[in-house]
Amino acid sequence: MNRELAYMFVDCARVWIPDVEDVWKSAELSKDYKNGDASLQLMLEDGTNLEHKLDPKTKNLPYLRNPDILVGENDLTALSYLHEPAVLHNLKVRFIDSKLIYTYCGIVLVAINPYETLPIYGTDIINAYSGQNMGDMDPHIFAVAEEAYKQMARDERNQSIIVSGESGAGKTVSAKYAMRYFATVSGSASEANVEEKVLASNPIMEAIGNAKTTRNDNSSRFGKYIEIGFDNRYRIIGANMRTYLLEKSRVVFQADEERNYHIFYQLCASSHLPEFKNLKLSNANDFLYTRQGCSPVIDGVDDSKELGTTRHAFSLLGINESYQMGLFQVLAAILHLGNVQIKDKDSDSSIIPTNNHHLTKFCELVGVTYEDMAQWLCHRKLKTASETYIKTLPRLQATNARDALSKHIYAKLFNWIVEHVNKALITNIKQHSFIGVLDIYGFETFEINSFEQFCINYANEKLQQQFNMHVFKLEQEEYMKEQIPWTLIDFYDNQPCINLIEAKMGVLDLLDEECRMPKGSDDSWAQKLYNTHLKTCSLFEKPRMSNRAFIIQHFADKVEYQCDGFLEKNKDTVNEEQIKVLKASKKFDLLVELFQDEGKATTPTGQPPGMGGRTRLSVKPDKSRDTSSKEHKKTVGCQFRNSLQMLMETLNATTPHYVRCIKPNDFKQAFSFDPKRAVQQLRACGVLETIRISAAGFPSRWTYQEFFSRYRVLMKQKDVLSDKKLTCRNVLEKLVEDQDKYQFGKTKIFFRAGQVAYLEKLRADKLRAACIRIQKTIRCWLARKKYLRKRDAAITIQRFTRGYQARCLAKFMRRTQAATIIQKYQKMYVARKRYRQKQAAALAIQTILRSYMARQKYQALLREHKAVIIQKHARGWLARCWYKRCLSSIVYLQCCTRRMIARRELKKLKIEARSVEHFKKLNKGMENKIMQLQRKIDEQTKENKSVNEKLTGLENTYTTESERLRGELGRLRGVEEEAKSKGNQVKCLLEELEKLKKELRTTKQEKKTIEDWSQSYKGEMEKLVSELKDQNGLLKTEKDDLNRLIQEQNQQMTEKMARAIAAETQQLETDLNEERSRYQNLLTEHLRLEEKFDDLKEHISKPGHRRTDSTHSSNESEYTFNSEFAESEDASHAAEDLTRGMDTSLTLKLQKRLKELEQEKQSLRNELENKEEQFQRARARDESEFKKARGAELEYESLKRQELESENKKLKHNLADMRKSLLGSAASSAGAPGSPAYKVLLDQLNSSCEELEVRKEEVLILRSQLVSQKEAMQHKDEKETMTEVAVHVEDVSKLKDADELKQAYIGLKDTNRLLEHQLQTQRRSYDSEVESLRGELQNVKEENNRQQQLLAQNLQLPPEARIEASLQHEITRLTNENLELVADDPAASREARVIILRRMVDLMEQLEKQDRTIRKLKKQLKVYSKRIGEMGAGQAEGQTSPGQMVDEPIRPVNIPRREKDFQGMLEYKKEDEMKLVKNLILELKPRGVAVNLIPGLPAYILFMCVRHADYLNDDQKVRTLLTSTINSIKKILKKRGDDFETVSFWLANTCRFLHCLKQYSGDDVFMKHNTSRQNEHCLSNFDLTEYRSVISDLAIQIYQQLIKCMENTLQPMIVSGMLEHETIQGVSGVKPTGLRKRTSSIADEGTYTLDSILRQLNAFHSTMCQHGTDPELIKQVVKQQFYVIGAVTLNNLLLRKDMCSWSKGMQIRYNVSQLEEWLRDKNLMNCGAKETLEPLIQAAQLLQVKKKTDEDAKAICSMCLALTTAQIVKVLNLYTPVNEFEERVSVSFIRNIQTRLRDRCESPQLLMDTKMIYPITFPFNPSSLALESIQIPSSLNLSFLTRV
């Protein structure tokens, strides 16, 4: 190593020393190195001391180790010391400890084969790397592919990805994943799914070109270069493949533990299939070509299953079944040909035995004759200048000729397949650019190296030269860009080796010359090589012990090649007669097609010359020679050199990207690293050369900002200037004295090797000193804190001791005082007890005496009281009898007197009525008399009421008194009889008393005996009771224990049940969300297919593809009532029409996709129908009964309507007659216009007219209701539960299992019973009410008839007698009613009185109304009279009819009554519908509407238009309006779907429109939130349930579009704002970065911060609030936003090693807290958004917690519940210390975590799904806004709408 870093070799410095086993071994200096020392004192890692001798010539010191914080870096160029041991150690640490297989080395991606399937290639990983800068993410093949894709789009330059490495290093897999990335990210430009075809070519090429080798189970035995073409929008349009140097020798020979090509074993494994019976195959061990390696089976590979994959790939690429069977037939023929045994006939000839079984099968399969093939397998035709003759072949040559034929057939078949694969991948679309993927063999060296290894190493020499030049060029560009002085860097140039191989008189030139010689041989060619190059070229050597080999010094190593077989392989000859026999086949067209271009010179790739273009290679023969001669065909070496030259030209015209695959061990062990093998490959693949070139200049490069952030700790406060560039310059001049160690560029600082490590050492020393100072201060603080704690403890002990003593003294004093108090109260108790005994004895004596005296007094009072009661009742009865007699006499006398007075008065009134004066008085005082009459009626009523009440009270009093007296009398008689019987009983009682006295004496004696016995028994019982009490106590204790145990068990069972119920509920909610998400995903897929369908239509309708689409657009018909079936049919027909002029595969793909969607839709429909049938069975009977009942009600209402109509007609006719007669009578009495009778009649007539109009309107309303109800019933019958059942079906569809369905059915059944009971009750009440109404109607009819008769009679009378007659009639009627009341029973009388009072109130109201009308008419009459007097037209008064005078003031009264209020509907004409949609949807600017108008105004306007169409019962208008609305919203979203404001505006309006359809649907569940006025605005004719579901689907689509807009806006901000930006300044430390970070694919556009994210969230939230979005919907949107932020941040954290540190965890937690604060400010904490950030929060906590002990592992497992095991392990593997004080996570700790989390049941997916969208729901949100209050602004240009 350079001695310039000798000052770094101090004590404890770590170095690398060579080692035989591990290549390099780490050691530590135990003594400082001084100049001139011959050795170093080292200590190995195992503690062994070692003296390392320095080379005495060079005195080079060993390599220094990098600081620990640089170990495990993503980019090897980020290491401070760039050399071989540092590279090897970094790769080993990443591969073994962190399980990372990818590492950058400058522009090279180093990929180590893990020999294990890793979950790092899924679609989620692809999405995570898509659009990211290459240096921002961890190394990955996807990062290289993304870099190539972006550079192609940015620089408009073709790209190439060169994948190289040894066999078994993983080249093919890496190339496959790169192509998968392009196919996934770019997609295809058409529906032909070109990306699937490109990927489908992989299993085909692996089957026919890959084989098992000792180093690799799936080794590619050919090289290929695949060009993936892109259009101008950078979508895949096609691909093309070139192949190089197929290993044909493997067809006929395999070494031990190797296999032939996979396709042969796949056919043998599938020989049992019926279609393969005619191939006559069997086990692979039965054929020579498949059993030589003795390893026919690969572990873990199912060959029969692989053949199915291969056949599917053939079908996808357009190779049909017949061609596939032809291919398999050729392959089977090759196997049978290998089993043909050739025997010696003599020493110079051979023969095939007759009837050879395998040759017969071969001939049958290829369709040739047995004799011809047997002839030319053992013979050869030779041509001379004069004649042609046939020569026999010995057995060895015949066998070689057979094998050559097999190889030739397989090569032709291989080329044919490649050609057809290219045809399938070709497209007619113009290619704009391409990305090439080169999967080519790496440098190979074996014990025996032949022609194949020579060509492979030659190709690697060319590729290495191109790689060196590219690396050199990039370094030069970087230096020139930063304006750093460029010094020439010495690097290895392998041009001399290439000249040795391909120059004139080079190895290939001499080989071709020897092949043209008639008697050329391998020995003569070797001699030519020795003579030409042995002395002239230092790279060419001759082995000492061989004259048939040569050695070439390649860039990687020396390789010895054996000359045997070089000429034969270069010629690649085959017997032409055998080819002619095969071409003569008439039964097998495919075989003829394989050899049809045999006469033309072709390349090894088999590309036909007519293909053209850069990717098609053809070599034309020399025209000066005979084209039919095989000697003039180009050799294999010449063809390979030409194709390689074309490849290099292609690569030089593109921007290359390099992937170097490393094989870690030769035993295919997972994550096992062999340093020897790794170093060998690193040297061979050019990785170390890249390191050497980089290390020769300034390998370490920092931006000024990064340097300032990292090494600010080395600066003093005065050194920090506003100009960071000047600050860095000043600091570096102080820290590094030698200015040649660094250079200042425009944007970066360049350091030579080792300088970053030196700066890191200074930084670590500075931080270590700071840590020591901090530790000193902390320890001082801890010691002082401990001292203060001890002092406080001593003081506390003293305080508690003194307190204890004081408490003891206080306790003694309290006891003394308590004893005194106890004595006092005991003495008081004894004295009080004695006093109370004396007091109780005195009170007892007093009580007995007083009670005796009270009883005596009570007996006397009781006798006196009873005598008084008897006297009172007797006197009262006598008084009442006398009063009744007097009252009846008085009443009779009054009646007689009043009758006489009334007769006199009547006679007097009759006389007065005949006189004119009386008539005038009556006419003048009519009002007074009416009032007097009314007062008389009131007085009479009151009097009657009071009399009746008095009478009723007297009767009740009499009845109760009589009953009481009768009871008293009976009681007295009983007492008398009882007294007699008791007198007799006294004697008997005295006798019994004597007997009882005797018995008492006897009983006393017995009592004494019993008392003695009871005393003894009591003692025994007390003893027994005590024992029982003890047992009872034990039993109670046991009972308590059992109860406690039972309670605990019950509590446990309750908790268990609660947990089970909660889990079941959560599972049901999860299932519901999954089902909802699945449905919404289907909607998204449907929308995507619609958009593609529209794009195809637009593409077809362009010039050159115009056609007339005869089908209806799916957008115009999909939202009708039967839209789903029409939509699928229209879409299928449209797809068929569109694909007529397109590729067949496109048509098949579209049809297949449409069929799948139709089948899925049909399955969903069948499931829905099954649930509908289950529900309909449950409701069938109830529905039929309801229909019957409803039909009966409709019939009755119809009859009632007809009856009312007939009655109306009759009244109308009578009214007309009355009007005519009235006009006639008015004309006859025109001379007296002011007649009172005339005015009364006119008033009655006008009131009758008004009543008639009212009845007419009621009839019209009733008729309209009946008609609408009939139509609704018919609509229900025709549509089959289109209204009510649809709602229930919608609910039933939400049920998830049979139990819920059963419960719902039972609940529905009970509800139906309840509704039926309520219906019957209402029906009975309705019937009774109808009967009463019929009776009233009959009475009204009779009354009407009487009134008409009376009116007719009155009209016939003279005017003077009309009013008198009417009053007489009214008096008579009232009198009759009064008389009827008296005759009826009291209950009916009360009801009748109420009716009379009501009629009287009505009469009074009519009188008041007539008074007002009369006064009004009088005022008008005065006005008219005054006007007539002024005009001098006195006679005009007589000409004016009274009818006119009455009608004129009535008109203005009636007009307002008939005027109707605004009903909240908007009317428009049919031709204005497009104008409405255009102005309200297509041309509406959301910003102006959101700021100036009420939220949701377009939705309200559209719904008011729908209401009017519903009011008109115009179903066509409703359908077209809703369809146009939906299609227009889709159109505006398609046009402006990227504008968040537009999408948010129409999401809010669509939801409001949906809520309006629900709110005014007429359903009870929605109407309960409405006001009474809003319920009047409900839809009356149509049930728009199906349209509600369609609009709900539209709202879901708009919501998903809204989420997409937000994601597109937030996506660029999230990583920068949440991870990269330092919100807390100075916490994060910037580590050295490699080349990838410096060459970002995207120019710096300004970094986003957390404030940028919060501002964007505020903008989203304010926009949605302005548009009136539902609060619940805003919560769901915010939850989705936070999920995207959390998922993207966590995914990038899991894919970025530089972000997994303690300081970054603190940054993340702070950023999350800011997001939570934003939620609190917006009152959105309960929306579930915080929970979506839980995985990110736990990942940040995981970065900050301790990670050492088992307790730490246990804490991590209990903390990280939201993270999967893969995510936890990934974070621990990626954890990288930023400073030396931090420690890495040990491998044992990670394994401990994995062991603890082994039992978790979770998804193995590493990344979160950023495309996941939570299922959206639209909770019903009714509006309180009244429709009639909405005003349409003129700015909307909707003047053609009319308010209704």
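Residues numbered from 1 in each chain as written. Predicted model: local features only at pLDDT ≥ 70, side-chain atom pairs only at ≥ 80, totals over all residues. Heavy atoms only, no water.

Q: I tried to follow the overall build of the protein chain on my own but got confused; where do I start?
A: The helix and strand inventory of the protein chain stands at 54 helices and 26 strands. Scored against the burial criterion, the 1844 residues of the protein chain give a buried share of 43%. Restricting to contacts in the protein chain with at least 6 residues of sequence separation, those with at least 24 account for 74%. Accessible surface, the protein chain: about 103,000 Å² in total, of which carbon and sulfur atoms supply 53%. (Helix = DSSP H or I, 4+ residues; strand = E, 2+ residues; numbered from the N terminus. Buried < 20%, exposed > 50% of the residue type's maximum accessible area, 1.4 Å probe, protein only. Contact = heavy atoms within 4.5 Å. Areas by Shrake-Rupley, 256 points an atom, 1.4 Å probe, with all protein chains shown as cover.)

Q: Explain the sheet that holds strand 11 (residues 223-230) here, please?
A: By definition, the strands of a sheet pair up through backbone hydrogen bonds, in either a parallel or an antiparallel sense. Overall, mixed pairing links the seven strands, which are arranged 6-7-21-8-17-11-12 in an open sheet. The two strands at the open ends of the sheet, each matched to only one other strand, are strand 6 (102-105) and strand 12 (236-244). Within the sheet, the average angular offset between the axes of one strand and its neighbour, ignoring direction, is 20°. The pairing of strand 7 (residues 108-112) with strand 21 (residues 655-662) spans five bridges and is parallel. Its bridge partner being in strand 21, Leu-109 is matched across the sheet by Val-659. (Pairing = 2+ DSSP bridges. Axes fitted to C-alpha atoms, helices over the stretch in contact; angles between N-to-C directions.)

Q: In this structure, what is going on with the pairing of strand 24 (residues 748-751)? I would like to understand it.
A: Within a regular strand, the side chains alternate between the two sheet faces. Of the two faces of strand 24, the one holding Lys-748 and Phe-750 and the one holding Ile-749 and Phe-751 are both buried throughout. Note that strand 22 (residues 700-703) and strand 24 share four bridges and pair antiparallel. Its bridge partner being in strand 24, Ser-700 is matched across the sheet by Phe-751. Inspection of the sheet shows strand 23 (residues 742-744) paired to strand 24 by three bridges, in the antiparallel sense. Within the sheet, the bridge partner assigned to Gln-743 lies in strand 24 and is Phe-750. Two successive antiparallel strands, strand 23 and strand 24, enclose a turn made up of three residues.

Q: Would you mind going over helix 54 (residues 1787-1796) with me for this structure?
A: For an α-helix the count is 3.6 residues per turn, leaving residues at separations of three or four pointing the same way. The set of residues buried in helix 54 consists of Phe-1789, Ile-1790, Asn-1792 and Ile-1793. For helix 54, the buried positions fall inside an angular range of 155° around the axis, keeping them on one side. Summarising the geometry of helix 54, the exposed residues directed more than 90 degrees from the buried face are Ser-1788 and Arg-1791. Where the residues of helix 54 are buried, they touch helix 52 (1750-1759) and helix 53 (1765-1774). (Arc of directions from axis to C-beta.)

Q: Could you clarify how one ought to interpret a nonpolar patch on the surface in this entry?
A: Among the surface-exposed residues, Ile-774, Ile-778, Trp-781 and Leu-782 lie close enough to one another that they form a single nonpolar patch of about 410 Å² accessible area. Relative to the elements of secondary structure, Ile-774 occurs in helix 25 (residues 755-914). (Patch = residues over 30% accessible without salt bridge, like charges linked within 9 Å, V, L, I, M, F, W, Y side chains within 5 Å. Salt bridge = Lys/Arg side-chain N within 4 Å of Asp/Glu carboxyl O.)

Q: Looking at this structure, how should I read the pairing of strand 13 (residues 343-346)?
A: Of the strand pairs in this sheet, strand 13 and strand 14 (residues 349-351) are connected by three bridges, and their pairing is antiparallel. By the bridge assignment, Asp-344 is partnered in strand 14 with Ser-350. Linking strand 13 back to strand 14 in an antiparallel pair, the connection comprises two residues.

Q: Quick question: what am I supposed to make of the packing of helix 38 (residues 1473-1482) against helix 41 (residues 1515-1535) here?
A: Viewed as axis vectors pointing N to C, helix 38 and helix 41 meet at an angle of 35°, and their least axial separation amounts to 10 Å. Note that helix 38 runs across helix 41; the crossing there is right-handed. Counting all contacts with helix 38, which are made through Glu-1473, Leu-1476, Val-1477, Ile-1481 and Leu-1482, the residues of helix 41 involved are Lys-1517, Thr-1520, Leu-1521, Ser-1524, Thr-1525, Ser-1528, Ile-1529, Lys-1531 and Ile-1532. Among the residues making up the contact of helix 38 with helix 41, the classes are represented as seven nonpolar, four polar and three charged. (Left-handed = near helix turned anticlockwise from the far one by under 90°. Nonpolar A, V, L, I, M, F, W, Y, C, P; charged D, E, K, R; others polar.)

Q: Any chance you could explain the nonpolar core here in plain terms?
A: The nonpolar side chains of soluble globular proteins are, as a tendency, buried together. Counting residues in each nonpolar core, the largest one holds 316 residues, and the members touching the most others are Phe-182 and Phe-550. With 18 residues, helix 45 (residues 1585-1620) is the single largest residue contributor to this core. (Core = buried A, V, L, I, M, F, W, Y, C linked by side-chain atoms within 4.5 Å.)

Q: Honestly, the sheet that holds strand 19 (residues 549-553) in this entry has me stumped. Any pointers?
A: Taken in spatial order, the three strands of this open sheet run 18-19-20, and their pairing is antiparallel. This sheet does not close on itself; its edge strands, each paired only once, are strand 18 (540-541) and strand 20 (558-562). By the bridge criterion, two bridges tie strand 18 to strand 19 in an arrangement that is antiparallel. Among the inter-strand pairings, Phe-540 is bridged to a residue of strand 19, identified as Ile-552. Sitting on the sheet, helix 16 (residues 522-533) touches strand 18 and strand 19, and the angle it makes with strand 19 is about 40°.

Q: I tried to follow the packing of aromatic side chains on my own but got confused; where do I start?
A: Pairs of aromatic rings are described using the distance from one ring centre to the other and the angle between the two planes. Using the criterion set out here, one finds 36 aromatic pairs in the structure. For the pair Trp-24 and Tyr-63, a centre-to-centre distance of 5.4 Å together with 70° between the ring planes defines the contact as edge-to-face. One end of the pair, Trp-24, is in strand 2 (residues 23-29); the other, Tyr-63, is in strand 5 (residues 63-64), with 39 residues separating them in the sequence. The exposure class of Trp-24 is buried, given its relative accessible area of 17%. Here the aromatic rings of Tyr-323 and Trp-416 are separated by 5.5 Å at their centres, their planes lie at 25°, and the arrangement is stacked. Linking Tyr-323 in helix 9 (residues 321-338) with Trp-416 in helix 12 (residues 395-425), this pair joins segments that are 93 residues apart in sequence. Relative accessible area serves as the criterion here: at 33%, Tyr-323 is assigned to the partly exposed category. Aromatic rings pair up to connect Phe-451, Phe-454, Trp-525, Tyr-530, Phe-540, Phe-550, Tyr-561 and Phe-566 into one cluster. The positively charged end of Arg-729 is found above the aromatic ring belonging to Phe-744, 4.3 Å away from the centroid. Over the ring of Tyr-1775 we find Lys-1747; its NZ or CZ atom is 4.4 Å from the centre of that ring. (Phe/Tyr/Trp six-rings, centres within 6.5 Å; stacked < 30°, edge-to-face > 60°. Lys NZ or Arg CZ within 6 Å of the ring centre and 35° of its normal.)

Q: Just to check I follow, could you spell out the packing of helix 13 (residues 451-481) against helix 20 (residues 636-652) for this structure?
A: Helix-helix packing is described using two parameters, namely the angle between the two axes and the distance between the axes. The interhelical angle for the contact between helix 13 and helix 20, taken along N-to-C directions, is 20°, at an axis separation of 11 Å. Our classification of the angle between helix 13 and helix 20 gives roughly parallel. Judged by the twist between their axes, the crossing of helix 13 over helix 20 is right-handed. Of the residues in helix 20, those in contact with Phe-451, Cys-455, Tyr-458, Ala-459, Lys-462, Leu-463 and Gln-466 of helix 13 are Val-636, Gly-637, Phe-640, Arg-641, Leu-644, Gln-645, Met-648, Leu-651 and Asn-652. (Parallel < 35°, antiparallel > 145°, perpendicular 65-115°, else oblique.)

Q: Would you mind showing me how to read the confidence of the model for the protein chain here?
A: Should pLDDT be low for a region, the predicted coordinates there are not to be read in detail. Scored by pLDDT, the protein chain has a mean of 77; 75% of the residues are at 70 or more. Scored below 50 in pLDDT, residues 1225-1234 shows four contacts in the model against residues more than four places distant or in partner chains. (pLDDT = per-residue confidence, 0-100.)

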